[in-house]
Amino acid sequence: MPVPSVVRARERGRIAEQNPVVLRTEMLTKTYGSLIAANEVSIDVHAGSFTGIVGPNGAGKTTTLSMISGLLRPTSGRVTVSGVDVWTDGPAAKRLIGSLPDRLRLFDRLTGAQLLYYSGVLHGVEQAAVAQRSSELAVAFGLESALGRLVSDYSAGMQKKIALACAMIHAPEVLVLDEPFETIDPVSASNVTEILEKYVSGGGSVVMSSHSLDLIQRVCDHVSIIVDGSVIAQGTVDAVRDGLSLEERFTKLTGMSDTQKGLEWLHGSSDSV
Ligand SMILES: Nc1ncnc2c1ncn2[C@@H]1O[C@H](COP(=O)(O)OP(=O)(O)OP(=O)(O)O)[C@@H](O)[C@H]1O
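Residues numbered from 1 in each chain as written. Predicted model: local features only at pLDDT ≥ 70, side-chain atom pairs only at ≥ 80, totals over all residues. Heavy atoms only, no water.

Per an unreviewed UniProt entry, the protein chain is named ABC-2 type transport system ATP-binding protein, and its organism is Leucobacter luti. UniProt annotates the protein chain under Subcellular location (unreviewed entry) with the comment "Cell membrane". (UniProt positions renumbered as here; feature names shortened; annotations may be inferred.)

Caption draft 1: Structural context of the site of the ligand. Around the ligand sit Tyr32, Leu35, Ala37, Pro56, Asn57, Gly58, Ala59, Gly60, Lys61, Thr62, Thr63 and His211, and that is every residue in its neighbourhood. At a separation of 3.0 Å, an oxygen atom of the ligand approaches a polar backbone atom of Ala59. The backbone of Thr62 places a nitrogen or oxygen atom 2.9 Å from an oxygen atom of the ligand. Burial of the ligand by the protein amounts to 59% of the accessible area it has alone, namely 640 Å². Looking at the shell around the ligand, the elements that each hand over two or more residues are β2 (35-46) and α2 (61-68). Here the element with the most residues in the shell around the ligand is α2; it accounts for 3 residues. (Near = heavy atom within 4 Å. Polar contact = N/O pair within 3.5 Å; in protein donor to acceptor, adjacent residues only side chain to side chain. Areas by Shrake-Rupley, 256 points an atom, 1.4 Å probe, with all protein chains shown as cover. Helix = DSSP H or I, 4+ residues; strand = E, 2+ residues; numbered from the N terminus.)

Caption draft 2: Region of the structure containing the packing of aromatic side chains. Taken as a whole and judged by the stated rule, the model has 1 aromatic pair. An angle of 80° between the planes, with centres 5.3 Å apart, marks the rings of Tyr117 and Tyr118 as edge-to-face. Accessibility expressed as a relative area gives 29% for Tyr117, which makes it partly exposed. (Phe/Tyr/Trp six-rings, centres within 6.5 Å; stacked < 30°, edge-to-face > 60°. Buried < 20%, exposed > 50% of the residue type's maximum accessible area, 1.4 Å probe, protein only.)

Caption draft 3: Region of interest: the pattern of salt bridges. Taken as a whole and judged by the stated rule, the model has 6 salt bridges. Between Asp44 and Arg24 there is a salt bridge, with its nearest N and O atoms 2.8 Å apart. Of this pair, Asp44 sits in strand β2 while Arg24 sits in strand β1 (residues 21-32), and the two are 20 residues apart along the sequence. The partner of Arg78 in a salt bridge is Asp85, and the shortest N-O contact between them spans 3.1 Å. (Salt bridge = Lys/Arg side-chain N within 4 Å of Asp/Glu carboxyl O.)

Caption draft 4: The arrangement of the UniProt feature "domain: ABC transporter" (unreviewed entry) in the protein chain in detail. UniProt records the feature "domain: ABC transporter" (unreviewed entry) at residues 23-253, using the numbering of this structure. Counting secondary structure, residues 23-253 comes out at 39% helix and 27% strand; the distance between its end C-alpha atoms is 26 Å.

Caption draft 5: Expanded view of the sheet that holds strand β7 (residues 174-178). Here 6 strands make up an open sheet; going across it, the order is β6-β7-β8-β3-β9-β10 and the pairing mixed. Of all the strands in the sheet, just β6 (97-100) and β10 (230-236) have a single pairing partner and so form its edges. With strand direction ignored, the average angle separating the axes of adjacent strands in the sheet is 15°. Relative to the sheet, α2 contacts β3 (50-54), β6, β7, β8 (205-209) and β9 (222-227), its axis offset from that of β7 by approximately 150°. Against the sheet, helix α6 (residues 156-168) makes contact with β6 and β7, and its axis sits at roughly 170° relative to β6, the strand it touches most. (Pairing = 2+ DSSP bridges. Axes fitted to C-alpha atoms, helices over the stretch in contact; angles between N-to-C directions. Contact = heavy atoms within 4.5 Å.)

See below:
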């Protein structure tokens, strides 16, 4: 029997396809010398959809998400959010995007409350609204009792949660999240999933990378699989997995089941001397 979040995701996927495209990448490419980290990545994200980006280590997920959120300049190609070009109209685009980058570089000599305050006002939110949103976000993320402490003293999971709260405080149209669930405990993870699902059901869009294919299959309605910088499959989660689990499909497409060949010596000591 399908679990409720899966049913919600499927239903959402069908509805979102009718909504306008809010985030579009066109032939987005990043090269480092001869290495092509992202190769002509074209992704459409509809308003009200939850899109997962998956791929093996080094596939180009962080590179792609960083170009989308305006943190890494593409070698070529284009990213637009609600028609605003991220790389020619950065300030306007950044008001529409909330981003959780791969390596958190937080102003960690601030308290949680100060960090939320500065994230809000720097994005142009009025002070009264910042105060109200800060306390609501703190409750939602279970950080109320930590708001007065320095962020540098937070655990890794708490830092992830305050960073997520900061990414949401200006009510962006799109959230671009690089591994949002990494280091977050299981109870908090289901709490964060609920917050993101609520955001999406209110018309926001989430694009997130994760190595948890089970999580992507459960909560996302769309998925893009990136291998060696290129998108090799994308669409609704159901279309991409094509009757298999997403993990089985991913393994087939990436050929990752073959990677342990040649390590037989590791599994037995009888012939090691
Ligand atoms: N600044 C850089 N200079 C040179 N190569 C880079 C740089 N940043 C990333 N790369 C390379 O680009 C490729 C894609 O890296 P990226 O971090 O986007 O992968 P990823 O899919 O996010 O991997 P992971 O799952 O391990 O986080 C890798 O081969 C990586 O070594």
